[in-house]
Amino acid sequence: MSPKLRVDAIELTQIEPADNPGLCSAVVQVSLADGREFSLLAATPMWFADAFAKLGLGYYFGPLVLFVRTMDPGLVRRAVSDMVKGGDQWLCRHDTPRTTLGKVLSEFKSRHP
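Note that the coordinates shown come from a computational prediction; the quantities given were computed from them, not determined experimentally. (Residues numbered from 1 in each chain as written. Predicted model: local features only at pLDDT ≥ 70, side-chain atom pairs only at ≥ 80, totals over all residues. Heavy atoms only, no water.)

Engineer: What am I meant to see in the nonpolar core here?
Structural biologist: Ranked by size, the top nonpolar core spans 19 residues in total, and within it Val28, Val30, Leu40, Met71, Val80 and Leu91 carry the most contacts. For this core, the elements supplying multiple residues, two or more each, are strand E2 (25–32), strand E3 (37–43) and helix H2 (73–83). Ranked by residues supplied to this core, first place goes to H2 with five residues. Dropping the residues within four chain positions of it, Leu91 is found in contact with Val30, Leu32, Phe38, Leu40, Val80, Met83 and Val84. Counting 12 residues, the second-largest nonpolar core is a separate cluster that includes Val27, Ala43, Leu101 and Phe108. (Core = buried A, V, L, I, M, F, W, Y, C linked by side-chain atoms within 4.5 Å. Buried < 20%, exposed > 50% of the residue type's maximum accessible area, 1.4 Å probe, protein only. Helix = DSSP H or I, 4+ residues; strand = E, 2+ residues; numbered from the N terminus. Contact = heavy atoms within 4.5 Å.)

Engineer: Looking at this model, I keep getting lost on the packing of helix H1 (residues 45–54) against helix H4 (residues 101–111). Mind explaining?
Structural biologist: Packed helices, taken two at a time, are described by their axes: the angle between them and the distance between them. Interaxial distance between H1 and H4 falls to 11 Å at its minimum, and their mutual angle equals 30°. On the basis of the axis angle, H1 is roughly parallel to H4. As for the relative orientation of H1 and H4, their crossing is right-handed in sense. Across the interface between the two elements, Trp47, Phe48 and Ala51 of H1 pack against Leu101, Gly102 and Leu105 of H4. Grouping the constituent residues of the contact of H1 with H4 by class yields five nonpolar, one polar and no charged. (Axes fitted to C-alpha atoms, helices over the stretch in contact; angles between N-to-C directions. Parallel < 35°, antiparallel > 145°, perpendicular 65-115°, else oblique. Left-handed = near helix turned anticlockwise from the far one by under 90°. Nonpolar A, V, L, I, M, F, W, Y, C, P; charged D, E, K, R; others polar.)

Listed below in structure tokens is the structure:
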């Protein structure tokens, strides 16, 4: 069994658009007590569906996305807390280069027209 991880900080950054937590994407920065840092892409399902349609994507494969009903800091903290209950595997799987989901989808579109 994996040792229990301690999360030191969870911060929402690069919220796009910042004025609509029910329809946005964000980067979730997670810092663990052991010094490791993870960057997770997060989005509301409606934001993702809208971005997907606007870009005309037929499919997507790439960095994993943490989907939340609303970009509420408390809800995101709860999701991350659940992710680390069994170890760091979910943080490792969701960790992405420091970028935004909008950029990831645009770059995906340019590689897969």
